[in-house]
Amino acid sequence: LDAPTPATMAVATDFNFGDDAELDEDTVNKIMFGDKGYTIDDFQRRCLAVIVCPEKDVLAMAPTGSGKTAVALMAILQAFKRGQRAVYTSPIKALSNQKYAEFKEWFSEKGVDAQVSLLTGDVKIRAPPGTKNELLICTSEILRNKLVKSSGVNPFTPKVDAPPPTAASATEVKTYSVGDDPDADLDRLGCVVSDEIHYINDVERGSVWEETLMHLPKSVQMVALSATLREPEQFLGWIERVRSRPGELVRRIDRHVPLHVGGLNQEEEFVELFATHDNKESGMKAGVFESAKFSALFDEKPDAAKVSTVVLY
(Lines give C-alpha, C1' and ligand atoms only; values in the text may rest on other atoms or scores of the structure.)
Protein backbone atom coordinates (compact mmCIF):
# COMPACT_ATOMS: atom_id res chain seq x y z
CA LEU A 1 0.00 0.00 0.00
CA ASP A 2 1.14 3.53 -0.65
CA ALA A 3 2.21 5.51 2.39
CA PRO A 4 -0.36 8.07 3.59
CA THR A 5 0.34 11.61 2.50
CA PRO A 6 1.70 13.97 5.20
CA ALA A 7 -1.44 16.13 5.08
CA THR A 8 -3.74 13.14 5.58
CA MET A 9 -1.53 11.73 8.32
CA ALA A 10 -1.67 15.04 10.19
CA VAL A 11 -5.45 15.07 10.11
CA ALA A 12 -5.73 11.47 11.32
CA THR A 13 -3.19 12.11 14.08
CA ASP A 14 -5.27 15.06 15.27
CA PHE A 15 -8.33 12.80 15.47
CA ASN A 16 -8.77 12.20 19.20
CA PHE A 17 -9.95 8.64 19.77
CA GLY A 18 -11.67 7.87 23.03
CA ASP A 19 -12.63 11.45 23.92
CA ASP A 20 -16.33 10.45 23.93
CA ALA A 21 -17.19 13.42 21.75
CA GLU A 22 -19.61 13.64 18.86
CA LEU A 23 -18.14 13.16 15.40
CA ASP A 24 -18.61 16.42 13.52
CA GLU A 25 -18.92 16.93 9.79
CA ASP A 26 -15.69 18.90 9.43
CA THR A 27 -13.69 16.08 11.01
CA VAL A 28 -15.37 13.51 8.76
CA ASN A 29 -14.57 15.55 5.65
CA LYS A 30 -10.94 16.00 6.68
CA ILE A 31 -10.38 12.31 7.40
CA MET A 32 -12.23 11.02 4.35
CA PHE A 33 -11.13 13.58 1.77
CA GLY A 34 -8.06 15.31 3.21
CA ASP A 35 -7.42 18.62 1.48
CA LYS A 36 -9.29 17.72 -1.74
CA GLY A 37 -12.21 19.97 -0.86
CA TYR A 38 -14.92 17.29 -1.05
CA THR A 39 -17.70 16.97 1.52
CA ILE A 40 -20.19 14.29 2.48
CA ASP A 41 -23.55 14.61 0.74
CA ASP A 42 -26.99 15.29 2.21
CA PHE A 43 -27.84 11.60 2.68
CA GLN A 44 -24.60 10.95 4.58
CA ARG A 45 -25.04 14.16 6.56
CA ARG A 46 -28.50 13.04 7.73
CA CYS A 47 -27.08 9.64 8.70
CA LEU A 48 -24.31 11.33 10.71
CA ALA A 49 -26.90 13.33 12.64
CA VAL A 50 -28.35 10.03 13.92
CA ILE A 51 -25.04 8.21 14.41
CA VAL A 52 -23.80 10.83 16.87
CA CYS A 53 -26.76 9.97 19.11
CA PRO A 54 -25.70 6.75 20.90
CA GLU A 55 -29.25 6.07 22.08
CA LYS A 56 -30.57 5.81 18.50
CA ASP A 57 -30.31 3.15 15.78
CA VAL A 58 -30.28 4.06 12.10
CA LEU A 59 -31.64 2.31 9.02
CA ALA A 60 -29.86 3.76 5.98
CA MET A 61 -31.60 3.07 2.67
CA ALA A 62 -29.92 4.03 -0.60
CA PRO A 63 -29.44 2.53 -4.08
CA THR A 64 -26.22 0.78 -5.05
CA GLY A 65 -23.24 3.12 -5.32
CA SER A 66 -24.91 5.93 -3.37
CA GLY A 67 -22.61 6.23 -0.37
CA LYS A 68 -23.66 3.60 2.18
CA THR A 69 -20.05 2.55 2.83
CA ALA A 70 -19.27 6.10 3.95
CA VAL A 71 -22.13 5.78 6.44
CA ALA A 72 -20.51 2.62 7.81
CA LEU A 73 -17.17 4.43 8.11
CA MET A 74 -18.73 7.27 10.07
CA ALA A 75 -20.39 4.84 12.48
CA ILE A 76 -17.08 3.03 12.99
CA LEU A 77 -15.16 6.26 13.62
CA GLN A 78 -17.82 7.42 16.07
CA ALA A 79 -17.46 4.16 18.01
CA PHE A 80 -13.70 4.71 18.16
CA LYS A 81 -14.24 8.22 19.49
CA ARG A 82 -16.33 6.71 22.27
CA GLY A 83 -13.49 4.33 23.10
CA GLN A 84 -15.48 1.36 21.84
CA ARG A 85 -15.12 -1.54 19.41
CA ALA A 86 -17.07 -1.71 16.14
CA VAL A 87 -18.37 -4.77 14.29
CA TYR A 88 -19.19 -4.93 10.58
CA THR A 89 -21.24 -7.91 9.39
CA SER A 90 -22.01 -9.11 5.88
CA PRO A 91 -24.16 -12.00 4.64
CA ILE A 92 -21.45 -13.84 2.68
CA LYS A 93 -17.81 -14.74 3.25
CA ALA A 94 -16.58 -13.24 -0.03
CA LEU A 95 -18.03 -9.84 0.88
CA SER A 96 -16.47 -10.04 4.35
CA ASN A 97 -13.07 -10.75 2.79
CA GLN A 98 -13.52 -7.84 0.40
CA LYS A 99 -14.49 -5.43 3.19
CA TYR A 100 -11.54 -6.58 5.30
CA ALA A 101 -9.14 -5.57 2.52
CA GLU A 102 -10.97 -2.29 1.87
CA PHE A 103 -11.11 -1.14 5.50
CA LYS A 104 -7.53 -2.18 6.19
CA GLU A 105 -6.34 -0.22 3.17
CA TRP A 106 -8.52 2.77 4.09
CA PHE A 107 -7.21 2.96 7.67
CA SER A 108 -3.65 2.77 6.35
CA GLU A 109 -4.15 5.42 3.67
CA LYS A 110 -5.85 7.81 6.05
CA GLY A 111 -3.38 7.24 8.87
CA VAL A 112 -6.16 6.13 11.23
CA ASP A 113 -4.75 4.33 14.27
CA ALA A 114 -7.01 1.27 14.07
CA GLN A 115 -6.74 -2.44 13.33
CA VAL A 116 -9.06 -4.82 11.51
CA SER A 117 -9.91 -8.41 12.48
CA LEU A 118 -11.63 -10.92 10.20
CA LEU A 119 -13.73 -13.93 11.24
CA THR A 120 -15.54 -15.95 8.57
CA GLY A 121 -15.27 -19.51 9.85
CA ASP A 122 -12.74 -20.40 7.16
CA VAL A 123 -10.46 -17.47 7.93
CA LYS A 124 -9.44 -16.00 11.25
CA ILE A 125 -7.21 -12.92 11.25
CA ARG A 126 -6.79 -11.19 14.57
CA ALA A 127 -5.69 -7.65 15.38
CA PRO A 128 -2.61 -7.45 17.65
CA PRO A 129 -3.36 -8.01 21.35
CA GLY A 130 -4.18 -4.84 23.21
CA THR A 131 -5.57 -3.05 20.15
CA LYS A 132 -7.77 -0.21 21.37
CA ASN A 133 -9.47 0.80 18.13
CA GLU A 134 -10.57 -2.48 16.55
CA LEU A 135 -12.98 -3.16 13.74
CA LEU A 136 -14.18 -6.76 13.67
CA ILE A 137 -15.50 -7.92 10.29
CA CYS A 138 -17.44 -11.17 10.31
CA THR A 139 -20.31 -12.99 8.70
CA SER A 140 -23.75 -12.45 10.17
CA GLU A 141 -23.88 -16.02 11.49
CA ILE A 142 -20.72 -15.59 13.53
CA LEU A 143 -22.02 -12.49 15.30
CA ARG A 144 -25.35 -14.22 15.92
CA ASN A 145 -23.57 -17.22 17.46
CA LYS A 146 -21.49 -15.00 19.73
CA LEU A 147 -24.51 -13.05 20.94
CA VAL A 148 -26.63 -16.14 21.56
CA LYS A 149 -23.82 -17.90 23.42
CA SER A 150 -23.08 -14.82 25.49
CA SER A 151 -26.74 -14.46 26.42
CA GLY A 152 -26.85 -18.05 27.67
CA VAL A 153 -29.74 -19.01 25.40
CA ASN A 154 -29.51 -22.58 24.15
CA PRO A 155 -32.46 -23.84 22.09
CA PHE A 156 -31.63 -27.46 22.97
CA THR A 157 -31.67 -27.14 26.76
CA PRO A 158 -34.27 -25.84 29.22
CA LYS A 159 -33.90 -22.24 30.29
CA VAL A 160 -32.23 -21.84 33.69
CA ASP A 161 -33.51 -18.99 35.82
CA ALA A 162 -31.38 -17.02 38.26
CA PRO A 163 -31.22 -18.52 41.77
CA PRO A 164 -33.62 -16.97 44.30
CA PRO A 165 -32.11 -14.31 46.58
CA THR A 166 -31.09 -15.27 50.08
CA ALA A 167 -30.66 -13.25 53.23
CA ALA A 168 -26.89 -13.30 52.77
CA SER A 169 -26.99 -12.28 49.10
CA ALA A 170 -29.39 -9.42 49.75
CA THR A 171 -26.55 -7.31 51.13
CA GLU A 172 -24.04 -8.22 48.42
CA VAL A 173 -23.59 -6.50 45.07
CA LYS A 174 -23.38 -9.16 42.37
CA THR A 175 -23.89 -9.52 38.66
CA TYR A 176 -25.67 -12.75 37.80
CA SER A 177 -25.15 -14.12 34.32
CA VAL A 178 -26.70 -17.22 32.79
CA GLY A 179 -24.30 -17.13 29.85
CA ASP A 180 -20.92 -18.72 29.34
CA ASP A 181 -17.63 -16.95 29.84
CA PRO A 182 -17.64 -13.40 28.42
CA ASP A 183 -16.70 -13.17 24.74
CA ALA A 184 -13.75 -10.80 24.33
CA ASP A 185 -15.04 -9.74 20.90
CA LEU A 186 -18.16 -8.32 22.55
CA ASP A 187 -16.21 -6.38 25.17
CA ARG A 188 -16.55 -2.60 24.74
CA LEU A 189 -18.85 -3.21 21.76
CA GLY A 190 -20.40 0.11 20.80
CA CYS A 191 -21.64 -0.27 17.25
CA VAL A 192 -22.75 -3.00 14.84
CA VAL A 193 -22.95 -2.19 11.14
CA SER A 194 -25.21 -4.75 9.45
CA ASP A 195 -24.72 -4.62 5.69
CA GLU A 196 -27.38 -6.04 3.36
CA ILE A 197 -29.93 -6.13 6.19
CA HIS A 198 -32.63 -7.13 3.68
CA TYR A 199 -31.33 -10.70 4.02
CA ILE A 200 -33.62 -10.84 7.04
CA ASN A 201 -36.36 -11.65 4.51
CA ASP A 202 -34.50 -14.74 3.30
CA VAL A 203 -36.59 -17.85 3.98
CA GLU A 204 -33.66 -20.04 5.02
CA ARG A 205 -31.31 -17.55 6.69
CA GLY A 206 -33.54 -14.69 7.83
CA SER A 207 -33.66 -15.96 11.42
CA VAL A 208 -29.95 -15.14 11.75
CA TRP A 209 -30.67 -11.42 11.52
CA GLU A 210 -33.75 -11.72 13.71
CA GLU A 211 -31.81 -13.41 16.49
CA THR A 212 -28.96 -10.93 16.16
CA LEU A 213 -31.31 -8.00 16.68
CA MET A 214 -33.06 -9.71 19.59
CA HIS A 215 -29.85 -10.59 21.45
CA LEU A 216 -27.86 -7.45 20.68
CA PRO A 217 -27.43 -5.50 23.95
CA LYS A 218 -29.60 -2.41 24.18
CA SER A 219 -26.52 -0.24 24.77
CA VAL A 220 -25.08 -1.13 21.33
CA GLN A 221 -25.96 1.09 18.38
CA MET A 222 -27.24 -0.70 15.27
CA VAL A 223 -26.50 0.79 11.85
CA ALA A 224 -28.41 -1.20 9.22
CA LEU A 225 -27.68 -0.75 5.51
CA SER A 226 -29.75 -1.84 2.53
CA ALA A 227 -30.59 -0.92 -1.04
CA THR A 228 -33.58 -3.17 -1.60
CA LEU A 229 -35.49 -3.54 1.66
CA ARG A 230 -39.25 -3.42 1.20
CA GLU A 231 -41.44 -1.42 3.60
CA PRO A 232 -38.53 0.03 5.60
CA GLU A 233 -40.84 2.01 7.89
CA GLN A 234 -42.53 -1.18 9.06
CA PHE A 235 -39.16 -2.91 9.50
CA LEU A 236 -37.78 -0.03 11.56
CA GLY A 237 -40.86 -0.15 13.79
CA TRP A 238 -40.20 -3.84 14.42
CA ILE A 239 -36.56 -3.11 15.33
CA GLU A 240 -37.68 -0.44 17.78
CA ARG A 241 -40.07 -2.86 19.48
CA VAL A 242 -37.56 -5.72 19.63
CA ARG A 243 -34.67 -3.57 20.86
CA SER A 244 -36.72 -1.23 23.07
CA ARG A 245 -34.86 1.81 21.76
CA PRO A 246 -35.64 4.45 19.12
CA GLY A 247 -34.45 4.30 15.56
CA GLU A 248 -34.54 6.56 12.54
CA LEU A 249 -34.92 5.88 8.82
CA VAL A 250 -32.62 7.85 6.53
CA ARG A 251 -33.39 7.37 2.86
CA ARG A 252 -32.34 8.51 -0.57
CA ILE A 253 -34.05 7.56 -3.82
CA ASP A 254 -31.73 9.02 -6.46
CA ARG A 255 -29.44 6.46 -8.04
CA HIS A 256 -25.83 7.28 -8.90
CA VAL A 257 -25.22 4.11 -10.91
CA PRO A 258 -27.46 4.20 -14.03
CA LEU A 259 -29.91 1.34 -14.58
CA HIS A 260 -31.16 0.56 -18.09
CA VAL A 261 -33.98 -1.90 -18.81
CA GLY A 262 -34.84 -3.13 -22.26
CA GLY A 263 -34.90 -6.04 -24.68
CA LEU A 264 -33.38 -7.39 -27.89
CA ASN A 265 -35.22 -7.01 -31.17
CA GLN A 266 -35.04 -9.37 -34.17
CA GLU A 267 -31.73 -7.81 -35.23
CA GLU A 268 -30.42 -8.44 -31.68
CA GLU A 269 -30.18 -4.71 -31.10
CA PHE A 270 -30.84 -3.41 -27.60
CA VAL A 271 -34.08 -1.41 -27.32
CA GLU A 272 -34.18 0.69 -24.17
CA LEU A 273 -37.54 0.74 -22.38
CA PHE A 274 -36.74 2.36 -19.04
CA ALA A 275 -33.80 4.18 -17.46
CA THR A 276 -33.02 5.78 -14.14
CA HIS A 277 -31.02 8.57 -15.82
CA ASP A 278 -31.58 10.73 -18.87
CA ASN A 279 -29.93 9.38 -22.03
CA LYS A 280 -29.13 12.27 -24.38
CA GLU A 281 -28.12 9.97 -27.24
CA SER A 282 -31.39 8.02 -27.35
CA GLY A 283 -33.60 10.77 -25.96
CA MET A 284 -34.74 8.51 -23.11
CA LYS A 285 -36.14 10.39 -20.11
CA ALA A 286 -35.40 9.16 -16.60
CA GLY A 287 -38.26 7.30 -14.92
CA VAL A 288 -40.43 7.06 -18.06
CA PHE A 289 -41.44 3.60 -19.26
CA GLU A 290 -41.73 3.40 -23.05
CA SER A 291 -44.91 1.32 -23.32
CA ALA A 292 -45.17 1.84 -27.09
CA LYS A 293 -41.67 0.46 -27.63
CA PHE A 294 -42.47 -2.41 -25.29
CA SER A 295 -45.58 -3.35 -27.26
CA ALA A 296 -43.76 -3.08 -30.57
CA LEU A 297 -40.89 -5.17 -29.28
CA PHE A 298 -43.02 -8.06 -28.14
CA ASP A 299 -45.46 -7.87 -31.08
CA GLU A 300 -42.68 -8.42 -33.61
CA LYS A 301 -43.21 -11.29 -36.04
CA PRO A 302 -42.49 -14.01 -36.86
CA ASP A 303 -40.16 -14.98 -34.01
CA ALA A 304 -41.44 -13.10 -30.98
CA ALA A 305 -40.08 -15.83 -28.72
CA LYS A 306 -36.59 -14.66 -29.62
CA VAL A 307 -37.11 -11.45 -27.65
CA SER A 308 -35.51 -11.53 -24.21
CA THR A 309 -35.65 -8.95 -21.45
CA VAL A 310 -32.27 -7.52 -20.50
CA VAL A 311 -31.30 -5.61 -17.38
CA LEU A 312 -28.05 -3.68 -17.45
CA TYR A 313 -26.41 -2.05 -14.43
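Structure first, text after, so check above.
Residues numbered from 1 in each chain as written. Predicted model: local features only at pLDDT ≥ 70, side-chain atom pairs only at ≥ 80, totals over all residues. Heavy atoms only, no water.

Colleague: I would appreciate a short explanation of the overall build of the chain in the present structure.
Modeller: For the chain, the helix and strand inventory stands at nine helices and eleven strands. By the burial criterion, 41% of the 313 residues in the chain qualify as buried. Counted over contacts in the chain with a minimum sequence separation of 6, partners at least 24 positions apart contribute 67%. Per element, the accessible surface of the chain, about 17,100 Å² overall, is 53% carbon and sulfur. (Helix = DSSP H or I, 4+ residues; strand = E, 2+ residues; numbered from the N terminus. Buried < 20%, exposed > 50% of the residue type's maximum accessible area, 1.4 Å probe, protein only. Contact = heavy atoms within 4.5 Å. Areas by Shrake-Rupley, 256 points an atom, 1.4 Å probe, with all protein chains shown as cover.)

Colleague: Can you walk me through the packing of aromatic side chains in this structure?
Modeller: What characterises a pair of aromatic rings is the spacing of the ring centres plus the angle enclosed by the ring planes. The full count for this structure, using the stated rule, is eight aromatic pairs. An aromatic cluster is built from Phe80, Tyr88, Phe103, Trp106 and Phe107, whose rings are joined through pairwise contacts. (Phe/Tyr/Trp six-rings, centres within 6.5 Å; stacked < 30°, edge-to-face > 60°.)

Colleague: Where do I start with the nonpolar core in this structure?
Modeller: Nonpolar side chains in soluble globular proteins generally cluster together in the buried interior. Counting residues in each nonpolar core, the largest one holds 42 residues, and the members touching the most others are Val71, Met74, Phe107, Leu135 and Val193. Here the element with the most residues in this core is helix α4 (residues 68-81); it accounts for ten residues. Counting residues in each nonpolar core, the second largest holds 25 residues, with Leu59, Leu143, Leu216 and Met222 among its members. (Core = buried A, V, L, I, M, F, W, Y, C linked by side-chain atoms within 4.5 Å.)

Colleague: What exactly am I supposed to notice about the side chain of Gln44 here?
Modeller: Along the chain, Gln44 falls in helix α3 (residues 42-51). At a separation of 3.3 Å, a polar atom in the side chain of Gln44 contacts the main-chain carbonyl oxygen of Gly67. Filtering out sequence-adjacent residues up to four positions away, Gln44 remains in contact with Gly67, Ala70, Val71 and Met74. (Polar contact = N/O pair within 3.5 Å; in protein donor to acceptor, adjacent residues only side chain to side chain.)

Colleague: Explain the pattern of salt bridges to me, please; I cannot follow it from the model alone.
Modeller: Where charged atoms from two side chains of opposite charge come close, those side chains can pair. If you walk through the whole model with that rule in mind, you get 15 salt bridges. Taking the shortest distance from any N to any O, the salt bridge between Glu211 and Arg144 comes out at 3.0 Å. Taken together, the residues Glu211 in helix α7 (residues 206-215) and Arg144 in helix α6 (residues 140-151) connect sequence positions 67 residues apart. A salt bridge links Lys146 to Asp183; the shortest N-O distance between them is 3.0 Å. Taken together, the positions of Lys146 in helix α6 and Asp183 in the loop between α6 and β6 (189-194) put the pair 37 residues apart, joining distant regions of the chain. Among the charged side chains, a network of salt bridges with common partners joins Arg126, Lys146, Asp183 and Asp185. (Salt bridge = Lys/Arg side-chain N within 4 Å of Asp/Glu carboxyl O.)

Colleague: So what exactly am I meant to see when it comes to unusual backbone geometry here?
Modeller: Leaving glycine out, the prevailing phi sign among residues is negative, and the prevailing peptide bond configuration is trans. One non-glycine residue, Glu196, adopts positive backbone phi at about 55°. Considering the arrangement of structural elements, one finds Glu196 in the loop between β6 and α7. Of note in this structure, Glu231 is not a glycine but carries a positive phi near 50°. If you trace the backbone, Glu231 turns up in the loop between β7 (221-226) and α8 (232-243).

Colleague: How should I be thinking about α8 in this particular structure?
Modeller: Note: α-helices contain 3.6 residues per turn, so residues at a spacing of three or four share the same orientation. With twelve residues, α8 should reach 16 Å at 1.5 Å per residue; the first-to-last C-alpha distance of 16 Å fits that figure. Along α8, the residues classified as buried are Pro232, Phe235, Leu236, Gly237, Ile239 and Arg243. The positive-phi residue at the C-terminal boundary of α8 is Ser244, with phi of around 55°. (Expected span 1.5 Å × (residues − 1).)

Colleague: When you look at the environment of Ala227 in this model, what are you seeing that I'm missing?
Modeller: In this fold, Ala227 is placed in the loop between β7 and α8. Here Ala227 falls in the partly exposed class, since its relative accessible area comes to 31%. Each C-alpha atom, one on Ala227 and one on Ser66, is 9.2 Å from the other, the two residues being 161 residues apart in sequence. If we ignore the near neighbours within four places in the chain, the residues touching Ala227 are Ala62, Pro63, Thr64, Lys68 and His198.

Colleague: What is the right way to read the packing of helix α2 (residues 25-33) against α4 from this model?
Modeller: The relative placement of two packed helices comes down to the angle between their axes together with the axis-to-axis distance. Two elements in contact, α2 and α4, have axes whose closest approach is 12 Å; the angle formed by their N-to-C orientations is 115°. Comparing their axes, α4 and α2 come out roughly perpendicular. Seen from above, α2 lies across α4 with right-handed handedness. Seen from α2, the contacting residues are Val28, Ile31 and Met32; seen from α4, they are Ala70, Leu73, Met74 and Leu77. Looking at the contact of α2 with α4 residue by residue, the class counts come to seven nonpolar, no polar and no charged. (Axes fitted to C-alpha atoms, helices over the stretch in contact; angles between N-to-C directions. Parallel < 35°, antiparallel > 145°, perpendicular 65-115°, else oblique. Left-handed = near helix turned anticlockwise from the far one by under 90°. Nonpolar A, V, L, I, M, F, W, Y, C, P; charged D, E, K, R; others polar.)

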